[in-house]
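Here's the letter readout for the chains.
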Amino acid sequence: MTVLVTGGAGYIGSHTVRALRQAGRAVVVLDTLELGHRAAVLDAPLVVGDVADATLVARLCGEYGVTQAVHFAAYKSVGESMQHPAKYWANNVGSAAVLFETLARHGVHEVVFSSSCSVYGTPPSVPVTEDAPIHPESVYAETKAVAERVLAWFERTDGLRSVSLRYFNAAGASADAVIGEDWAFSINLVPVVMKAALGRSGPLKVFGDDYPTPDGTCIRDYIHVDDLAAAHLAALDHLAAGGATTAVNVGTGTGSSVMDIIHATERISGRQVPYEVVARRDGDPVASFADPEHAAQVLGWRATRTLDDIIASAWAWHSTHPDGYGAG
Ligand SMILES: NC(=O)c1ccc[n+]([C@@H]2O[C@H](COP(=O)([O-])OP(=O)(O)OC[C@H]3O[C@@H](n4cnc5c(N)ncnc54)[C@H](O)[C@@H]3O)[C@@H](O)[C@H]2O)c1
């Protein structure tokens, strides 16, 4: 009864590994450590290797008695995916397909997959429901949409059931500031705001303040990484109870603007966040936030943490780990 967590040494994976273990579940982490950290898994079992190594994955399934898997391991930079698309097709789709086949053929028929709200592209309306059109606007987003389809085919060919969790904007750190997001590898807004507040970068670039929103800046659904972790446990339970393959939005249902993040950070940290307004970025949706009702109905899961919880935990982590995990 062990959960294989691929990419479990990364940001969201490490928080999920911790949540699984706190809930008394056995785990084994498989990560190349290319973008993850040994220190982030704490004392969970870690195997350094690639998800495309079928011999290794088959061995882990047998040795650890794996019954379920959570597949985080992937590349996640939208910009890089447009520069080096083959790298993204190979890892996020090709290696994922090898993993799913290996799992299914070694007795693991329940997989929770890290998908992304980016599969919707610029949503035609908000809040976004799961039946919104799939309209990826980057290679990265398309790899997530294709991997969802690959999983659907593995149900036909190998009886593998899955939950694709379409994350909105993951943010924050563990409440005790023991694990968090290493900003060396992240260009997400919250770590970038923290960097500016701590004087570890120049002023924050705000990409456009003339959008049709109350303060003119873009609106996103920031979800606390520990709420995300809890959604994975709920998805694993859904599959263990025989639940059907589905795709689920994982967000709070509330949008926050870039200025909301800046103001909350200034209030909570007591520091100024220096920023400058620059031109809009191509392809940035004005507003994107989740309709979380499907997740509540199918998984019995809702986010419980607030934007202040996100900012306070991120501040506690970054101000005590200004070099992230360092060489760890
Ligand atoms: N961070 C977000 O806001 C966000 C939003 C939507 C979706 N996602 C998805 O969630 C997942 C986790 O994101 P994250 O922010 O924790 O990323 P991350 O980069 O911190 O973690 C990914 C981990 O996977 C590992 N990895 C990559 N390819 C591998 C391979 N072939 N074999 C073994 N290990 C491999 C990396 O070393 C890293 O530790 C990714 O699939 C990402 O696309 C993230």
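Residues numbered from 1 in each chain as written. Predicted model: local features only at pLDDT ≥ 70, side-chain atom pairs only at ≥ 80, totals over all residues.

### A few points about the sheet that holds strand E5 (residues 110-116)
Formally: Two strands pair under a simple rule: DSSP has to find at least two bridges between them. Elements are defined by DSSP. Helices are runs of H or I of four residues or more, strands are runs of E of two residues or more, and each kind is numbered from the N terminus. The axes are straight lines fitted to the C-alpha atoms, using for helices just the contacting stretch, and the angles between their N-to-C directions are given from 0 to 180°. What counts as a contact here is a pair of residues whose C-beta atoms, placed from the backbone, lie within 7 Å.
Across the sheet, seven strands lie side by side as E3-E2-E1-E4-E5-E6-E11; this open sheet has parallel pairing. Because the sheet does not close on itself, it has two edges, and the strands there are strand E3 (46-48) and strand E11 (246-250). Across the sheet, the mean angle separating the axes of adjacent strands is 20° when strand polarity is ignored. Where helix H4 (residues 85-104) meets the sheet, its contacts fall on strand E1 (2-6), strand E4 (66-71) and E5, and the angle it forms with E4 comes to roughly 165°.

### So, the nonpolar core
Across soluble globular proteins, nonpolar side chains have a tendency to be buried as a group. Rules: A set of buried residues drawn from Ala, Val, Leu, Ile, Met, Phe, Trp, Tyr and Cys, joined through C-beta atoms within 7 Å, is what defines a nonpolar core. Exposed residues have 12 or fewer other C-beta atoms within 10 Å of their own C-beta, buried residues have 20 or more, and residues in between are partly exposed; the C-beta atoms are placed from the backbone. Note that the domain bounds were set by an automatic or database domain assignment.
The biggest cluster of nonpolar side chains holds 98 residues, and the ones touching the most others in it are Val 193 and Ala 231. Sorting elements by how many residues they give to this core places helix H7 (residues 225-240) first, with 10 residues. Here this core spans two domains, since at least three of its residues come from each of domain 1 (2-170 + 222-250) and domain 2 (172-221 + 253-320). Excluding anything up to four places from it in sequence, Val 193 contacts Leu 204, Ile 261, Ile 262, Thr 265 and Val 273.

### Focus: the domain arrangement of the chain
Bring the parts together and some accessible area is lost; that lost area is often taken as the interface size. Operational definition: Gly is put with the polar residues, along with every residue not named as nonpolar or charged; the nonpolar set is Ala, Val, Leu, Ile, Met, Phe, Trp, Tyr, Cys and Pro, and the charged set is Asp, Glu, Lys and Arg.
Along its sequence, the chain is carved into domain 1 (2-170 + 222-250) and domain 2 (172-221 + 253-320). Here the C-alpha centre of domain 2 lies 23 Å away from the C-alpha centre of domain 1. Of all the secondary structure elements, the ones that give two or more residues to the side of domain 1 that touches domain 2 are helix H1 (11-22), strand E10 (222-224), H7 and E11. Of the residues that constitute the side of domain 1 that touches domain 2, the class distribution is 18 nonpolar, 10 polar and five charged.

### With respect to the pairing of strand E2 (residues 26-31)
We count it as follows: Viewed with both strands pointing away, a crossover whose connecting path from the first strand over the helix to the second turns clockwise is right-handed.
Where burial is concerned, most of E2 is hidden: five out of the six residues are buried. Remark: the E1/H1/E2 crossover connection has right-handed handedness. Note that E2 and E3 share three bridges and pair parallel. Note on E3: the bridge partner recorded for Leu 30 is Val 47.

### Considering the sheet that holds strand E12 (residues 256-257)
Pairing within the open sheet is mixed, and its three strands lie in the order E12-E9-E14. Each edge of the sheet is formed by a strand with only one pairing partner; in this case those strands are E12 and strand E14 (287-288). As judged from the two bridges shared by strand E9 (residues 219-220) and E14, these two strands associate in the parallel manner. In the strand pairing of E14, Arg 220 is matched with Ser 288.

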